[in-house]
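# Residue-level structure breakdown
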Amino acid sequence: MAFSTPAQNPRGEASSTRSTATDPGYRPGPEPIPTATSLSCMSAPRVVSVAPASPAQRAGLQVGDELLSVDGRVPRDVIEYRLLVDDADPELEVRRGHEDLTVLLAKEAGELAGIEVSSALFDRVRTCDNHCEFCFIYQLPKGMRRSLYVKDDDYRLSFLYGNFTTLTRFTELDLERVLAERLSPLFVSIHSTDPVLRARMLRNPRGATSLRWLRALLDGGIEVHGQIVVCPQVNDGPALETTLAGIVDEYPELATAACVPLGVSAHTTEPAMRPHTAAEAAAVIDTVEEWQSICLEALGRRLVYAADEYYLLAERPFPAAEAYDGFPQHENGIGMARAFEAAFGGDRSSAYGVRPGFFAAVDGAPAGGYRAPRTTASSAGEAAPAPRAPVVVITGEYGAAVLGPLLGWSDARLLPVRNDFFGGNIAVTGLLTGTDVARALATEPPGARYLLPDVCLSEGRFLDGVVVDDLPRPVEVIPTDGHSLRLALRGSCR
Ligand code: SF4
């Protein structure tokens, strides 16, 4: 399932963060790795940067080199590549222009090679064969970047970026690899444990059976986080009760299960898909909290959580920060408001922001991609305002509901931006487009400090391709966490 970050995401595609780069169990598996001649659909990764004083630089590797193989093996993705170059003194086959070279990297086992490559997957991304009614990709307006329309359902992207996978395209070989290489944690879309309902929701008969892979992953000791995209009158009410009972009964080892509302944009063509009412949101909260009590008693942990959006919709207070058990699904919008509040109040350990995920620590991982770094740039166009200028915090409509009570002590003002680009019930800050932000800023006075959370951007661009320099006022891009906002309000960025 494609797309950016989940809390800002429409449901059905999501991300989360992991820190398994140093997992001691992360080792090459026994599965045969293809040779240089055995794969015709591979696209050799290109070197995009070489770290100074690294083994790669000492060996003369250059930006633009194509990596054909490592020790005679062709890695299919950055995970495999990392495993291969982790060995001592790997031998690289490299194409430079029209010339093929052999490069020996003199390095210790486990020492970083110092190479950054251009992509995460060197073979094809595995695309999704479902046709979910609630899929947000079908609800995107035309004319956006092509990559945003890709429906991926690839366990590797689940491991690397936290994208949720339905497992409908998962295979025995995939299972062997996940278990052998300890690709953990993974993120699985459950939606329903009733096979008939799950197949109906995914519009795919394999949806009825693919949760057998979830059982196998859990049996293999893989940490799995689940999500249930709740659609009114489809899998809420008694169906949600059945699903949560099914999870406790069949998948009690599941690390967490997040209940999140579907996103409905103005471009949906599915007449049965609609946003939750406030009463329906309250009913989801009641069900989740009832099952938290059951799980605490039966399993000693809550297991299931409701997305912040439900509390906003139902106009109920968020649970206490402790009730989120360390915010394991923070990026899926579970406890984000409480974490933000805690960080804003001085608890730096809760300043999660938008985390770069596994790739941040992986030698060889591309800088771009689904979890591309945000920008810290400030837009140009007019002189930067004085540090003591009035502060205006740009946010989505949900963000305004969370930030409003926090900003009472300061002179800062909120600028809630309505999401006209997507329309519907899309109100999260991370799905704000440059077009909507520009419209809101156009009527704002010059001379203020406009703070823009970096969750709106990927590699410096909004979802609609607009860059901050295109905005009618200069903005300061700040990390999306409470600690950073507090510092920015003081005029400091550290
Ligand atoms: S069709 Fe369903 S599984 Fe596929 S990307 Fe869309 S929401 Fe995800």
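That block above? That's the structure.
The structure reproduced in this document is the subject of the present report. Note that the structure is a prediction, hence the values are computed from the model and not measured. (Residues numbered from 1 in each chain as written. Predicted model: local features only at pLDDT ≥ 70, side-chain atom pairs only at ≥ 80, totals over all residues. Heavy atoms only, no water.)

### Considering the pattern of salt bridges
Scanning all chains against the criterion turns up 26 salt bridges. For glutamate 111, the salt bridge is made with arginine 58, and the minimal N-O distance between the two is 3.8 Å. With glutamate 111 in the loop between strand 4 (99-104) and strand 5 (115-117) and arginine 58 in helix 1 (residues 55-58), this pair connects stretches of sequence that are 53 residues apart. Linking arginine 82 and aspartate 86 is a salt bridge whose minimum nitrogen-to-oxygen distance equals 3.9 Å. Using a relative accessible area of 12% as the deciding quantity, one classes arginine 82 as buried. Each of Asp77, Asp123, Asp154, Arg156, Arg177 and Glu181 takes part in one network of salt bridges that share partners. (Salt bridge = Lys/Arg side-chain N within 4 Å of Asp/Glu carboxyl O. Helix = DSSP H or I, 4+ residues; strand = E, 2+ residues; numbered from the N terminus. Buried < 20%, exposed > 50% of the residue type's maximum accessible area, 1.4 Å probe, protein only.)

### A closer look at unusual backbone geometry
Proline 185 follows serine 184 through a cis peptide bond whose omega is 5°. Residue position: proline 185 is located in the loop between helix 4 (172-181) and strand 6 (186-189). The backbone phi angle of aspartate 71 is positive, close to 50°, even though this residue is not glycine. Its place among the elements puts aspartate 71 in the loop between strand 2 (66-70) and helix 2 (78-85). Residue classification places aspartate 71 among the partly exposed residues on the basis of a relative accessible area of 39%.

### Here we look at helix 2
Given 3.6 residues per turn, any residue in an α-helix points the same way as the ones three and four places further on. Taking burial as the measure, the eight residues of helix 2 include eight buried ones, the bulk of the element. Looking only at helix 2, the buried set comprises Val78, Ile79, Glu80, Tyr81, Arg82, Leu83, Leu84 and Val85. Elements in contact with the buried residues of helix 2: strand 2, strand 5, helix 3 (155-161) and helix 4. Residue aspartate 77 occupies the N-cap position of helix 2, its side-chain oxygen lying 3.1 Å from the main-chain nitrogen of isoleucine 79. (Contact = heavy atoms within 4.5 Å. Polar contact = N/O pair within 3.5 Å; in protein donor to acceptor, adjacent residues only side chain to side chain.)

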